[in-house]
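Topology and contacts: notes
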Amino acid sequence: MIYFKEPSKTMTDSILSKLNGKQQSAVLQTEGPVLVLAGAGSGKTRILVHRIAYLIIEKQVSPSSVLAVTFTNKAAEEMKQRVEKLLKRKINPSQSIDLDQPWVGTFHSFCVRVLRKEIGALGFKNNFLIYDDYDQIALMKGVLEKMVIDQKQYSPRMFLSVISNQAKNNLLTPRQYQHKAKDFIEKLTAKVYQEYQKQLREHNALDFDDLIMMTVQLFQKYPAVLEKYQRRFKYLMVDEYQDTNHAQYLLTNLLSKKSKNICVVGDDWQGIYSFRGADIQNILDFEKDYPQAKIIYLEQNYRSTKTIVEASNHIIAKNKARTDKKLWTDSKPGEKITVQQVANEKEEGEYILGEIFGLREETSDHRGEADDEIVYESEEENNHPAGGILDTILEIEKNKSGGPEKKTAKIAIQKKIRGGLINLSDYVILYRTNAQSRALEETLLEYGVPYQIIGSVKFYERKEVKDLLAYLRILVEPNDQVSMKRIINEPPRSIGRKTWSLLENFAEADKIDYLKAVKQADKIASLPSRARNALLFFASLIIDLKDKAQNLKPREIIDLILNKTGYKKHVQDGTPEGEARWENILELKTVAKKFDNQQGLESIRSFLEETALVNDVDFLEDGKKGLTLMTTHNAKGLEYKVVFLAGMEEGLFPHANSLFDPAELEEERRLYYVGVTRSKEKVYLIHTRQRNIWGSSRITIPSRFLEEIPEELVENK
DNA sequence: AATTGCCTTGTTTTT
DNA sequence: CAAGGCAATT
Ligand SMILES: Nc1ncnc2c1ncn2[C@@H]1O[C@H](COP(=O)(O)OP(=O)(O)OP(=O)(O)O)[C@@H](O)[C@H]1O
């Protein structure tokens, strides 16, 4: 890093110049615990960016002693870039540039980094694999089968969620959990937990929660290791602190114990992850945990119009369990919030398109006129240049069949898209449940509007992608049972259920890894010769792949697998679905391209690491044109010009499962608050009269949340 | 072993 | 409705 002898006045000024007084004080308070507690859009994340730059430039702190924790990889990437930009501006280009970078990442990525180095102390190999959701369920199913537990009565998911929330987030080992177990279920869970951990260890794998839990255990058990990291990371910063769980809290606490330099920012109003163990109490107790803490409240919102800020204040005011903060803005009132009722989910999508393509660039006065009456009365209005599309769309609803009017609408939309008149990345559609994306997607497809859906079926959870990753995992970790089971007969090669279970017993009894077991298929008793040959053929296939992979890049290894295993042919079966799956595989190869500078098994490990911890939000590209659809949960920390909140109906938002517990209802409301505050300029709240739920159409009731915004801020349609 | 088709079950939200 | 499990086919 470049060190400056004297903090120069002008540089300090320019780092601080884009911050208000309170933000500046958070940046200047570099030593000791700092808590920034503030509402949405008040510039909390901005503080962290500037604080890192300030530490490096003005306090001459080495970048490598800075650790900043974000909620997603995308947020980490963005933060890195913004810090770098600030630094670049300050660094004299003639001076040599040190490549040292501050460490910015999620809790999980930080823990992986530590564990890759240190996990030997806990008896794991440091090339452990990371099991995702799917892998965990697959493993758990195996555990339950082995223990002869009825999976109908006790679902794998249930065990996993109890283990995650009650045991792992509270750092309880199977043994400790067993001691606390009281009733039958808990005792059973304790046994399952024990076996589950045992199998993870045998397969050299950790699940998501283990990453955090093991790191904490490591630090607690080996003070010398902890001290090493405490000395290394002298400055710790955490974004979105309200959504940390107990294990993460302990981790931050341990890391900062020596230096006491911990700066956390967050907003208890935006805590939306309690269902997975996040505890708002962490941020509320910060002052108790760190009595010397400096606490800073930011009150000015820089993101949204006055209408939006006021509306969100009213929303959150309905909650009882919350801190009493203020949030104001000096921005213009802007447009009112639109509450729109539509007939059903199909019309919901069409309404949104109508707003985006028909009216968005028109004046809002005009929109006022475009109410149903006018539209229905004058057919000729269709040729009207302004608002024509909305009219047309409403027209479709009128004469159901969807005649030439729909075509007109489609053509007009296409024209606008091609003309580059509409910047689709200014808009976002948010909803409560992923299932809602399907109907919206259909409408977007129908009108040829480019879009990206975040979440739903995540890229790395797609079957074809998981299959390929499983092949790669087998190459580097021959005892990865979950992956082995997944691809041993994919594409079909005559290795069925029976053969698999014989193989499983054999591997387990002889305590050999699965690849060895397959190789020694001729030693498996009572194995039909057809199955034996199939296994031996599979073994030679894998050995061949492994051999050839030695001097190939990850991308080439994927190609090799695709060709040698017949997977390529298997996928490209001539159907459109096959084509879509093939596209996903190409996308995977694009990701692999990043690792072109490496080769062999090691390169596979790097590649797998990249794929294990990413989140769908990480795929969001700002430049990418296309309308974005995601759950409100996924929108945390993001901002858009125009936000559509779809499905504002009782039972959906707030969700039916949250209605009877007041605490859960308040969490729903916080989610609502998050959704509304993503918007810079305009919010739409849409509710249907009828919605298909599990096949049958049901009448819906408008969400109680709609009434929580004062009338004068709303324009009712 | 693989394919087909009927049955149940269920989804809130996800690093 | 649709995914996953299970049984009855070939
Ligand atoms: N001092 C400032 N002057 C002008 N604009 C600012 C200032 N601070 C922040 N902003 C802008 O306000 C918006 C919100 O900032 P930021 O994302 O840092 O807020 P936040 O508190 O982290 O929000 P949230 O809690 O909703 O994620 C951003 O567009 C940012 O550029």
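What counts and what doesn't
- Residues numbered from 1 in each chain as written.
- Chains lettered and ligands numbered in written order.
- Predicted model: local features only at pLDDT ≥ 70, side-chain atom pairs only at ≥ 80, totals over all residues.
- Heavy atoms only, no water.
- UniProt positions renumbered as here; feature names shortened; annotations may be inferred.
- Phe/Tyr/Trp six-rings, centres within 6.5 Å; stacked < 30°, edge-to-face > 60°.
- Buried < 20%, exposed > 50% of the residue type's maximum accessible area, 1.4 Å probe, protein only.
- Helix = DSSP H or I, 4+ residues; strand = E, 2+ residues; numbered from the N terminus.
- Lys NZ or Arg CZ within 6 Å of the ring centre and 35° of its normal.
- Contact = heavy atoms within 4.5 Å.
- Domains from an automatic or database assignment.
- Buried area = accessible area lost by both parts, 1.4 Å probe.
- Salt bridge = Lys/Arg side-chain N within 4 Å of Asp/Glu carboxyl O.
- Polar contact = N/O pair within 3.5 Å; in protein donor to acceptor, adjacent residues only side chain to side chain.
- Nonpolar A, V, L, I, M, F, W, Y, C, P; charged D, E, K, R; others polar.

Within an unreviewed UniProt entry, the label attached to chain A reads DNA 3'-5' helicase. Turning to chain A, the UniProt record has this under Sequence similarities (unreviewed entry): "Belongs to the helicase family. UvrD subfamily."

One pass over the full model with this rule turns up 17 aromatic pairs. Ring centres 5.6 Å apart and planes at 35 degrees place the aromatic pair tyrosine 273 and phenylalanine 275 in the tilted group. Judged by relative accessible area, which is 7%, tyrosine 273 ranks as buried. Overall, the relative accessible area of 51% leaves phenylalanine 275 in the exposed class. Between the aromatic rings of phenylalanine 653 and phenylalanine 705, the centroid separation amounts to 5.5 Å while the plane-to-plane angle is 90 degrees, which identifies the pairing as edge-to-face. Here phenylalanine 653, found in the loop between strand E13 (640-645) and helix H31 (662-676), pairs with phenylalanine 705, found in the loop between strand E16 (696-699) and strand E17 (714-716); they are 52 residues apart in sequence, far enough to count as distant. Among the residues examined, phenylalanine 653 registers a relative accessible area of 2% and is labelled buried. Geometry around phenylalanine 128 places arginine 116 over its ring, the cationic atom sitting 4.1 Å from the centre. One residue, arginine 276, lies across the ring of tyrosine 273, its end atom 4.1 Å from the ring centre.

When the UniProt feature table is mapped onto this chain numbering, "binding site: ATP" (unreviewed entry) sits at Ala38, Gly39, Ala40, Gly41, Ser42, Gly43, Lys44 and Thr45. In this structure, alanine 38 sits in strand E1 (residues 34-38). Other than its neighbours up to four places away in sequence, alanine 38 contacts Lys44, Gly266, Asp267, Leu298 and Lys325. Among the secondary structure elements, glycine 39 is positioned in the loop between E1 and helix H3 (44-57). Residue glycine 39 is classed as buried on the basis of its relative accessible area, which comes to 0%. Not counting chain neighbours up to four residues away, the residues in contact with glycine 39 comprise Lys44, Asp267, Trp269, Gln270, Leu298, Lys325, Leu327 and Tyr673.

On to the domain arrangement of chain A. If you check the domain split of chain A, you get domain 1 (9-121 + 217-300), domain 2 (129-203), domain 3 (304-359 + 403-450 + 625-716) and domain 4 (459-615). Taken over C-alpha atoms, the centre of domain 1 sits 33 Å from the centre of domain 2. Broken down residue by residue, the surface that domain 1 buries against domain 2 is led by Gln217, His246 and Ala247, which jointly contribute 47%. Taken together, domain 1 and domain 2 are joined by 0 salt bridges. Applying the counting rule to domain 1 against domain 2 returns 3 residue pairs in polar contact (both at pLDDT 80 or more). Residue assignment for the side of domain 1 that touches domain 2 shows that the elements contributing at least two residues are helix H5 (107-118) and helix H12 (246-256). Looking at the side of domain 1 that touches domain 2, the element that brings in the most residues is H12, giving 3 residues. A per-class count over the side of domain 1 that touches domain 2 returns 4 nonpolar, 4 polar and 2 charged.

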